[in-house]
Amino acid sequence: MEDEMDNVIVRLKSMPDENGDVRSFELPFKAAKLSEFVKDAVGECEEESAEVDVPRVKGECLEKVVAFLKHYDEEKMKDIPTPLGGSTFNEVMEQKWYQDFVDDRELGSRDMLFDLLTAANYMGIKELLDLTCLKVTFQLTGKNAEEIREILRLPELTPEEEAQAREDHKWIFEDS
């Protein structure tokens, strides 16, 4: 039944932006079914098309998600090895398109990387989640606690909160 559905056109609708505008993107179910969210929402569609609201994803981010889904359908992303087997993102992720997809210049901002990570998690797109998490991993590698706090936009802790964190999570603060 799923192969019969591959030609169904799926229209994904973003959450409204600040102006109330909703963006829509079309792709074949064959590409969209990588998302568990979409697969569940479409179900056993007997129509030629299906519409799926994606209420937690902004239009600009959904556009990137759709680009990922379409490209993945054409060129599967190789599995990310564990252990990673490289000391840089590009050594681990050898496929150029996927390297460029999460490149800071392509995304325009670090916020977009985290938006993609969140969208991948919400939409159940394991491969996109793996890719974005890998990118974040290498962004955090070699950074001190303050740099990581800034990258992840974590609030500064009061001295009492920091003391409690050091007590609760001693292993984090141990010297290697």
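Residues numbered from 1 in each chain as written. Predicted model: local features only at pLDDT ≥ 70, side-chain atom pairs only at ≥ 80, totals over all residues. Heavy atoms only, no water.

A short note on the packing of aromatic side chains
Line of reasoning, step 1. Applying the stated rule across the entire model yields six aromatic pairs.
Line of reasoning, step 2. Judged by centre distance (5.8 Å) and plane angle (70 degrees), the rings of phenylalanine 68 and tyrosine 98 are edge-to-face. In this pair, phenylalanine 68 sits in helix α4 (residues 59-74) while tyrosine 98 sits in helix α6 (residues 96-101), placing the two residues 30 residues apart along the sequence.
Line of reasoning, step 3. Look at phenylalanine 68 and you get buried, because its relative accessible area is 0%.
Line of reasoning, step 4. Grouped by ring-pair contacts, the aromatic residues Phe68, Tyr72, Trp97, Tyr98 and Phe101 constitute a single cluster. (Phe/Tyr/Trp six-rings, centres within 6.5 Å; stacked < 30°, edge-to-face > 60°. Helix = DSSP H or I, 4+ residues; strand = E, 2+ residues; numbered from the N terminus. Buried < 20%, exposed > 50% of the residue type's maximum accessible area, 1.4 Å probe, protein only.)

Concerning a nonpolar patch on the surface
Line of reasoning, step 1. Taken together, the side chains of Trp171, Ile172 and Phe173 define a hydrophobic patch exposed on the protein surface, amounting to about 350 Å² of accessible area.
Line of reasoning, step 2. Note on placement: isoleucine 172 falls in helix α12 (residues 170-173).
Line of reasoning, step 3. With relative accessibility at 46%, the residue isoleucine 172 sits in the partly exposed group. (Patch = residues over 30% accessible without salt bridge, like charges linked within 9 Å, V, L, I, M, F, W, Y side chains within 5 Å. Areas by Shrake-Rupley, 256 points an atom, 1.4 Å probe, with all protein chains shown as cover. Salt bridge = Lys/Arg side-chain N within 4 Å of Asp/Glu carboxyl O.)

Thoughts on the environment of serine 24
Line of reasoning, step 1. Within the element layout of this structure, serine 24 appears in strand β2 (residues 24-28).
Line of reasoning, step 2. Here serine 24 falls in the partly exposed class, since its relative accessible area comes to 39%.
Line of reasoning, step 3. Linking serine 24 and glycine 59, residues 35 residues apart in sequence, is a C-alpha distance of 7.7 Å.

Some details on the environment of phenylalanine 173
Line of reasoning, step 1. Looking at where phenylalanine 173 falls in the secondary structure, it is placed in helix α12.
Line of reasoning, step 2. Note on phenylalanine 173: relative accessible area 35%, which makes it partly exposed.
Line of reasoning, step 3. For the pair formed by phenylalanine 173 and alanine 145, sequence separation is 28 residues and the distance between their alpha carbons is 10.0 Å.

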